[in-house]
Every structure is written in C-alpha cells, then in structure tokens.
Amino acid sequence: MAFSGALILTDLNDFITPSQACIKPVEQVDAPTEEKEPGAASTEILIDSAGAYFEVSGSTPQTNTPAAPGKKLTQAQISLNDCLACSINNNSGCITSAESVLITLQSHTEVLTFLASNGAPSSPGYKLPVISISPQSLASLAASLSSSAASTSASASTSSADALVTPRQVLRRIQVFCRDVLGFAHVFDTTFARHLALREHVAEFLERREGDAGGGEGELPMLASACPGWICYAEKAHKEMLPFIARTKSPQQVMGTLVKEWMGERWGKTPDGIYHVSVMPCYDKKLEASRQDFYNDVYSTRDVDCVITTGELELMMRERGWNLDLQVPGEFSSSSTDLPELLQHPGTSSGSYLHSIISHLQSSSPTPLLLSVKAIRNADYEEYTLTEDADAGTAPGKVVFKGAKCYGFRNLQNIVRKVGKERGVRTGAGAAGKLAGRAAVVRRARKGGVEEKEKERNYDYVEVMACPGGCVNGGGQVKPRVTAEAEPVVVERDEEKYERNWEESGVSVDGIQSQSGKWGDKDWTRKVESAYWRASSSAPVSGPGPVRGHDLPTPPDTPPHGYQRLDLEEGCSMEIADRAVKRVMDELCGRGGASVQESRRRHFRTQYRAVESEVVGLAVKW
C-alpha cells in the first residue's frame, strides 16, 4: 500500500512522540506543471475553521478563510487496517524510525543489486543465492492468475475449472524464473520448515502444560508466535503477555536455520557464503528477519538476508518481462529437491498451529475426544474445545483442552484482556488493566462463587494473527484487480465486521484497470483461501458442531518428491517429512548427550524482550 510523501520520520528516537504521529493530511493528485526556481514557495496550504485544506497563492494573506482562487485539497486518511498492512502496529501509533530503516534495507531492489554484483560461482566472494517462498504467497499469486484466466475463459466460453491455477503450478513457474532469469541456485517453498516448526510448537506446548500443572507462572495459555505484527505489538504495548508467547521460531526463521546451517553444510558452504531471500505475505516479516536473535555473530550474517513481499516478487517478474500466466515444462509433476515440498497441514491457512496441537492431543489420548467449534464474534474468532466422549464411559462433557483462533487487531485486543483476567495479569492499557491482578481474580471468584467459576475452563492455547482473515490477507499480498465496469463499493463492512466507507478513506479506485488499493477485501480473501487449499482435500475446519475421533481433515497421498538425496524410502509426503525432520534433528542437534535439548532450543527457539518507550506523556504538548 502506497502512502504520500508526507509520511516522513524526522529523527532517530526509538519511539515517535505524539507530535510526530503518523499523518497523511492531504493528497495532491495533479502536480503543478509550471516551472519554479529551486526553493521558491509559490503556494501555501491553509486550514479553514472547518478543518478543510486549501492550496493558495503565496501572496495571499494568511487567514483562516482562503481566497477565491484557492484550491481545496482532497483529504486522505489512514485507517487501522492500513496501519496493520504497512507494519504500523505498536502503541505509539507508528513503527519506530530504527525499524523504518531496517525495512528500507530489505526490498526487491536490494535483491536485484546483490544478484547483479554477485558474479560467477568461480569468482572470489561468490555467495550461493537461495530463495524460499511461503505457501500464502503462492496462494495469492495462484488466485490472481486464476482470476485473470477466469475472465479470459468466460469470454472464450471455456470451462472455468480449466482456468484454476494451483500453488504447485505457480511454484514451478517461479522456480524457472528465479533460476533462469534471476540466477538463484535453489528455490524452495517453506512448508517443510513449517512442518518442523509445528513439531517443535507441539513439543513446547506439552512442556508448558506440564509446567502449568505443577503450578508454574506464565505457562498457559500459550500464544502463537508466528505473526511478527503480533510480536511487535506485544513487545511495545503488552509486555505482560510475553511470558505466554511461544518461543518456537516461525517457519521463515526455521527455514533460515535449515538453509544457512543444515543445508549449507551439505553444500559445503558456511553461513556467510549463502545469500538467503524469503518471499512472505507480510511486511512485518522484514522486521522479524532483522531481529538480533537471528543474527550469527560468528559469521556476521543473518539467517534470512532479505525479505520481499508477494507483491514485490510479482513486481520483479513484471519488470523482467516474465509472464506468470504461461505454463512451463513439468509444472504438474513432482520435483526432486533437497527438501519435501508443498506439504499440506490441515486446519487454517495461517499455519495450522492450533490444529496441530488438537491433532496431537486426539492421536495421543487413550480415550476418544470430541471436538466442538464455536464462533465467538465471527470466523476470525472461534473457540475449539476437546471433551472426552461420553460413549467412552467417562464423565460426560469433561473438557481436556480449550483453544481459540484469533485473527484481527480488535479480536487480538480482546484476547489480551481475557488472558489478563484469567491469569490475574495487569494488562498494559484498557479496562482490563483496572481490574487485573491476583486480587481481582479472587474478588470475582468470591462474587460469582468458586464452584461457578471452576465450570468455565480457561484457554490452553490461542492462535494469534494480527491481520483479519489471517496470513492469506497479509498486507504484502497481491491485491485484487478491478475493472472500469466494476461499481465502486461506497459503504460496506470490513474484515472485522465494522462499517467502513472506503471512498471517504481514500482507498477506492475508480474506472481504471489496476490493483485495488483496498486491503482486506472479503471476497478476494476467500479466493486466496480457496487457492491455498486447491488440489487438496485438507479443507479448514470451521463452524459449529462436534467432530469425533480423528475427523480432522488429513492431507491426501501424493507422489514422493524424489528425495533420494536424503536416502528416504518412498511413501506419502508426511511420512517423508517426518523422517526428514528426524534426520535434521539428529544432524543439527546431535544424536544424544546432555547438550541435545540445549542445541534444539538454540536452533529452533527464540526469546522476546519488552521495548520501553522514552516518551513521557505528561511532557507532551497536545
């Protein structure tokens, strides 16, 4: 999403004071054509008593009422969704200036500059270029191609089913582009890294549950940590939530560990001899890759050297004249790579973190478990409850697990308040902070009765994502295309069901064929979601009602991915992935000894720190 030039950070303080708050007061559509001398100020901007902006001649007297020749300027606004889309999501209202610098250092131009200067593989200082692509990015591009192909097939009276493009096809076309046009040596998707991250995620949850049963503080509920927007917000606005956030690395950073350390050793390369690029649906992933925890001090390199968004990858292909609509040889076949690819994890398109825990608990339970799903506000806020089946002879309705899926900033804030009340933790702001603390929990228990309070089970786990709709609706995804015939939507509800006038917000597009500036389009998000699960029976679980036993959707059997380099036997993709995980764990973390757990934590877990603001509210002039 593009902003005007008025969005400038003026100093390098870690936090932006309210006087420097992110603003976009006016938007000038047509630049003046007359030539001016450098530094000349021929016009001025005045604000009338109603708050409207006018551009007037520099010779006009400075009054609150502009002269007749004054030109009224169009007012533009930045909404909460806009802020989340561009990585602005902390308690000061904007990203820090230091973070802004980090983001500017990670762009598609940086990638092209490196590739142009890298030289031949035989040249000194050559770095092996590797790129890894998220499944959400593949889904976004597949939806865009399918939408374009559907329009073509409609005019040609052909089957619309033939126009659907799968993520596998998109990956094959991108692999050809990155290798033959850009010069990357290896092109992967990140689903195997996610598979490893999910295994570690479940292991951490079991550790926390054991610690919580023993009376440990801050163990449960465990909050997902894969969303960097949520992590950025928690570190700056709700440091009291940090003990609950999972320490497992995100798939992006796990992929960085695999590429720089495990695969690098197999390629005969040190970490500083590899240049690793990742393609992600979210701008905040740039900040995540820049964290100090993911920097190798020994080799002076990061696990992920540069992060580009889906939209930036699409822009690179357009700039190089690459037509992603055209098929490439072998795009429907499996590929022989160093890692299993395109693994489907049943549950949600944001990583299936909650469902991986549910699946493990069901498979490891000695008694059948019943899964119930309840929508709290909308599809972005749902509760999942596992109870022992009454048919098994146990007490009916005994709850063994309660989790939630929480997407969107408003739902996220509600979760923070709820967790604070349940655990007796004083939250950073809001009404929840007024009643937080152990004493407040005791008072509520006395008022409602201890027996009544014990009937409601607290959350054990929450899958948290900052964007409404989850990762498929990330701010860096490809936006839907609109045509001149399309009627602009004036008033509707956004992804979080709040009424929004997009035209007044300055994000509507009229009468042109281009990418829409409207982030969070509900229909488009559903299309990307559909593309994510395309060619797979692993549809997401949602909606009310029970699911007995192991009725969570399971991925279909797929041909083996030619994994001869790992010396794995043929079988379904998940079996291959499980054996690959075991081998990675053995080779990276050792095959035994006291240091295995320590090495595992070093490679696949991280930590978080509260960021304190230096702004003193009482000293600010409003």
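It should be emphasised that the depicted structure is a prediction, and the values quoted were computed from it without experimental measurement. (Residues numbered from 1 in each chain as written. Predicted model: local features only at pLDDT ≥ 70, side-chain atom pairs only at ≥ 80, totals over all residues. Heavy atoms only, no water.)

Draft legend 1. Region of interest: the overall build of the chain. For the chain, the helix and strand inventory stands at 18 helices and 21 strands. The long-range share in the chain, meaning contacts at least 24 apart out of those at least 6 apart in sequence, stands at 72%. Here the chain displays about 29000 Å² of accessible surface, and carbon together with sulfur accounts for 52% of that area. (Helix = DSSP H or I, 4+ residues; strand = E, 2+ residues; numbered from the N terminus. Contact = heavy atoms within 4.5 Å. Areas by Shrake-Rupley, 256 points an atom, 1.4 Å probe, with all protein chains shown as cover.)

Draft legend 2. Spotlight on the packing of aromatic side chains. Applying the stated criterion to the full structure yields 7 aromatic pairs. With centroids separated by 3.7 Å and ring planes inclined at 20 degrees, the aromatic side chains of Phe114 and Tyr275 adopt a geometry described as stacked. Here Tyr275 lies in strand S9 (residues 274-280) and Phe114 lies in helix H3 (residues 108-117), a separation of 161 residues in the sequence. By the burial criterion, Phe114 is buried, and Tyr275 matches it. Centroid distance Tyr532 to Trp533: 4.9 Å. Interplanar angle 80 degrees. Geometry classified as edge-to-face. Here Tyr532 falls in the buried class, since its relative accessible area comes to 3%. Cluster of aromatic residues (ring-pair linked, three or more members): Phe205, Phe401 and Tyr461. One residue, Lys418, lies across the ring of Tyr459, its end atom 5.0 Å from the ring centre. (Phe/Tyr/Trp six-rings, centres within 6.5 Å; stacked < 30°, edge-to-face > 60°. Buried < 20%, exposed > 50% of the residue type's maximum accessible area, 1.4 Å probe, protein only. Lys NZ or Arg CZ within 6 Å of the ring centre and 35° of its normal.)

Draft legend 3. Fine view of empty space enclosed by the protein. Per the stated rule, a full pass over the model turns up 4 cavities of 30 Å³ or more. Estimates place the volume of the largest cavity at around 250 Å³. For the largest cavity, the lining is made up of 23 residues, of which Gln136, Ala226, Pro281, Lys285 and Cys471 are closest to its centre. Elements that contribute at least two residues to the lining of the largest cavity include exactly helix H4 (135-156) and helix H8 (251-267). In terms of residue class, the lining of the largest cavity is built from 13 nonpolar, 8 polar and 2 charged. (1 Å grid on protein atoms, 1.4 Å probe; cavity = no way out; pocket = protein on both sides within 12 Å on 5 of 7 lines; lining within 4 Å. Points joined across faces, edges and corners; volume = space filled by probe spheres on them. Nonpolar A, V, L, I, M, F, W, Y, C, P; charged D, E, K, R; others polar.)

Draft legend 4. Spotlight on the pattern of salt bridges. Tallying each qualifying case throughout the model produces 23 salt bridges. Here Lys260 and Asp305 are joined by a salt bridge, their closest N and O atoms 3.0 Å apart. Of this pair, Lys260 sits in helix H8 while Asp305 is found in the loop between strand S11 (301-302) and strand S12 (306-309), placing the two residues 45 residues apart along the sequence. Neither residue differs from the other here; Lys260 and Asp305 are each classed as buried. Across the salt bridge formed by Lys402 and Glu383, the nearest N and O atoms sit 3.9 Å from each other. Residue Lys402 is located in strand S15 (residues 399-407), and its partner Glu383 is located in strand S14 (residues 381-388); the two are separated by 19 residues in the primary sequence. Under the relative-accessibility criterion, Lys402 is labelled buried at 10%. (Salt bridge = Lys/Arg side-chain N within 4 Å of Asp/Glu carboxyl O.)

Draft legend 5. Geometry of the nonpolar core. With 46 residues, the main nonpolar core has Leu223, Trp230, Phe401 and Tyr461 as its most contacted residues. If we ignore the near neighbours within four places in the chain, the residues touching Leu223 are Trp230, Met241, Phe244, Ile245, Ala246, Val419, Val462 and Val464. Ranked by size, the runner-up nonpolar core spans 38 residues in total, among them Phe114, Ile133, Phe177 and Val478. (Core = buried A, V, L, I, M, F, W, Y, C linked by side-chain atoms within 4.5 Å.)

Draft legend 6. Summary view of the packing of helix H6 (residues 191-213) against helix H11 (residues 353-364). At their nearest, the axes of H6 and H11 sit 10 Å apart, and the two run at 65 degrees to each other. Considered as vectors, H6 and H11 are oriented roughly perpendicular to each other. Remark: the crossing between H6 and H11 carries right-handed chirality. Along its contact with H6, which presents Leu198, His201, Val202, Phe205, Leu206 and Arg209, the element H11 presents Tyr353, Ser356, Ile357, His360 and Leu361. Looking at the contact of H6 with H11 residue by residue, the class counts come to 7 nonpolar, 3 polar and 1 charged. (Axes fitted to C-alpha atoms, helices over the stretch in contact; angles between N-to-C directions. Parallel < 35°, antiparallel > 145°, perpendicular 65-115°, else oblique. Left-handed = near helix turned anticlockwise from the far one by under 90°.)

Draft legend 7. Structural context of helix H18 (residues 596-604). Taken as a whole, H18 has its buried residues at Val596, Ser599, His603 and Phe604. The buried residues of H18 all sit within an arc of 105 degrees when viewed along its axis, so they share a single face. Turned more than 90 degrees away from the buried face of H18, the exposed residues are Glu598 and Arg602. Summarising the contacts, the buried residues of H18 are in contact with H6, H8 and helix H17 (573-589). (Arc of directions from axis to C-beta.)

Draft legend 8. Here's a closer look at the side chain of Ser356. Within the fold, Ser356 resides in helix H11. Using a relative accessible area of 15% as the deciding quantity, one classes Ser356 as buried. A polar atom in the side chain of Ser356 sits 2.7 Å from the backbone oxygen of Tyr353. (Polar contact = N/O pair within 3.5 Å; in protein donor to acceptor, adjacent residues only side chain to side chain.)

Draft legend 9. Structural detail: the sheet that holds strand S3 (residues 53-57). The strand order across the open sheet built from 3 strands is S2-S3-S4, with neighbouring strands paired in antiparallel fashion. Only two strands of the sheet have a single partner each, and these edge strands are strand S2 (43-47) and strand S4 (71-72). Relative to S3, S2 is paired through 5 bridges, and the arrangement is antiparallel. Across the sheet, the residue bridging to Leu46 is Phe54, located in S3. (Pairing = 2+ DSSP bridges.)

Draft legend 10. Seen up close, the sheet that holds S12. The strand order across the open sheet formed by 4 strands is S7-S6-S9-S12, and the pairing between neighbours is parallel. Looking along the sheet, the strands with just one partner apiece sit at the ends: strand S7 (186-189) and S12. When the angles between neighbouring strand axes are averaged without regard to direction, this sheet yields 20 degrees. Looking at chain direction, strand S6 (residues 128-133) and S9 are connected through 6 bridges and run parallel. Pairing of Ile131 across the sheet is with Val277, part of S9. The strands that helix H5 (residues 167-182) touches are S6 and S7; relative to S7, the one it contacts most, it runs at about 155 degrees.

Draft legend 11. Structural view of the confidence of the model for the chain. Summary statistics for the chain give a mean pLDDT of 74 and a share of 63% for residues scoring 70 or more. Taken as a whole, residues 430-446 scores under 50 in pLDDT and shows 21 contacts with residues more than four places along the chain or in a different chain. Overall, residues 448-454 carries pLDDT values under 50, and its contacts beyond four positions in sequence, including any with other chains, amount to 1 contact. (pLDDT = per-residue confidence, 0-100.)

Draft legend 12. Main features of the pairing of S12. Residue alternation in S12 divides its side chains into two sets, Cys306 and Ile308 and Val307 and Thr309, and both sets are buried. Alignment of S9 against S12, held across 4 bridges, turns out to be parallel. Considered in S12, the bridge of Ser278 is made with Val307.

Draft legend 13. Structural view of the side chain of Ser107. Checked against the element boundaries, Ser107 lands in the loop between helix H2 (97-104) and H3. Assessed through its relative accessible area of 14%, Ser107 is described here as buried. In this structure Ser107 touches Lys286, Cys306, Val307, Ile308 and Glu312, once residues within four positions along its chain are discounted.

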